[in-house]
Amino acid sequence: MSEQLGVMPAQTVGPYLHIGLHWPDGPYVVPEGTPGAFWISGRIVDGTGTPVVDAMVESWQADPEGRFDHPDDPRGARPPALAGFRGFGRSETDGQGWYRLLTVKPGALPEPDGGTEAPHLTLSVFGRGLLHRLVTRLYFPDESTANAADPVLRSVDADRRDTLLASPAPDGFRFDIHLQGDRETVFFAL
Amino acid sequence: MTTQDTQASSRLVLPRYRRDDVDAHPPLLSPGYTSTVARAPRHPLVHLPQRLTEVTGPLLGEGRLGALDHDLTRQHDGEPQGQRIIVHGRVRDGDGRPVPRTLVEIWQANAAGRYRDARDTWPAPLDPHFEGVGRALTDDQGRYRFITVQPGAYPWRNHDNAWRPAHIHFSLFGRAFTQRLVTQMYFPGDPLFFQDPIFNAVRDPKARERMIARYDHASTAPEWALAYEFDIVLRGRESTPFEDEDDDE
């Protein structure tokens, strides 16, 4: 194995991420009007319970059939099963700490050990005061059988597992992200 | 899923990205940077073996770029104030392989150290000809190039008489979710490094050095612009199980 080059260290996005990383279409993982589309929204809250108004959430997920349009999906890259499906979402938090993403539910995924991953989104959280992104996952509350068999959820302490579960909301699902505190969200090292 | 699908998936072989060294990135809790105190998680991060969602990622960019997105000096009717600079470099992975066709986003303060953002209210002038936002896509060799102006330093109240060294924010996607990176590019010889807790949150001096661009006289545009080279290394891949079968267990 050749010698590895040193990776570039991460730094915070700082307070002015809104100018640099704003995409007008950022929150739209799928276009408005897509059949079955729903909103995922939530608040990012710090250890003092204060909403975090200078943060950003990015999401990445499979299409409804559990496929990725990406060359490293060993089943083969495949254009999305749904017109306009981007798989990726980006939302800065607003003045009350809310982010919003319009998406559809991803399919379940095969995993290398032969098991199955429950439908999920993987999320990155960036913000002022975060020197490196935080990585978490969002699971759906109406997938209890699949969730019970999910290898990632099972690897998390049972008493913190529900921090990875969205809850039903009138227009889709709600998923708050607690950076600290009694309900601190589970964050992952990749 | 059908039984057949399940059997097929048991042969699923995924690439795997190397885990970063402990000192490669700044600790999330770095109290010198006071905003980390209420925002850094207190539980240790949970180890997540990389699966399909992590080894894939958005391959975006082509349709997102305007013709002048890479040239921050030509986005308005007039030219911005400040020293013109070319900022260029290569994006590679830890094995030295170029990262092609990947979106690079940058943002920065103007020459006076002011961001065009309503939250930046310190009394330095805004520049009507400077937005401070750029985008580029790397080419097949992983190369990118921006034209901009030298950003100014600015005060930020983190500690007594705190000033951020001049910097340009960089955001990169790489080719997989695991490679996503946001960082900052600094300038060589900046006298403000000693008191900056964000720069110094990276503990390994060699890793800190990587965030400092190199003055690149060979790439200047004579009688027009100075130049800096800023190479960026994203995480590399581990060898596949075929190359390293002991790893299978």
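In what follows, the accompanying structure is described. (Residues numbered from 1 in each chain as written. Chains lettered and ligands numbered in written order. Predicted model: local features only at pLDDT ≥ 70, side-chain atom pairs only at ≥ 80, totals over all residues.)

Moving on to the interface of chain B and chain A. Facing 76 residues of chain B, the contacting portion of chain A comprises 63 residues. Elements with a minimum of two residues in the side of chain B that touches chain A: α1 (3-9), β1 (46-47), α2 (52-55), β3 (103-108), β8 (167-172), β9 (181-186), α3 (205-209) and β12 (232-234) of chain B. For the side of chain B that touches chain A, the class distribution of residues is 35 nonpolar, 23 polar and 18 charged. (Contact = placed C-beta atoms within 7 Å. Helix = DSSP H or I, 4+ residues; strand = E, 2+ residues; numbered from the N terminus. Nonpolar A, V, L, I, M, F, W, Y, C, P; charged D, E, K, R; others polar.)

Before going further, it helps to examine unusual backbone geometry. All names here are of chain B. Within the chain, R157 stands out as a residue other than glycine whose phi angle is a positive 65°. Look at N161: it is not a glycine, yet its phi comes out positive at around 55°. Relative to the elements of secondary structure, N161 occurs in the loop between β6 (154-155) and β7 (163-164). Among the residues examined, N161 registers 7 C-beta atoms within 10 Å and is labelled exposed. (Buried ≥ 20, exposed ≤ 12 C-beta atoms within 10 Å, placed from the backbone.)

Residues and elements named next belong to chain A. The element strand β7 (residues 120-127) is largely enclosed, with a buried count of seven among its eight residues. Pairing between strand β2 (residues 55-60) and β7: six bridges, direction antiparallel. Within the sheet, the bridge partner assigned to W60 lies in β7 and is T122. Sheet topology note: the β7/strand β8 (residues 134-139) ladder contains six bridges and is antiparallel. Within the sheet, the bridge partner assigned to V125 lies in β8 and is L134. The hairpin turn running from β7 into β8, its antiparallel successor, is six residues long, and G129 in that turn takes a positive phi close to 85°. (Pairing = 2+ DSSP bridges.)

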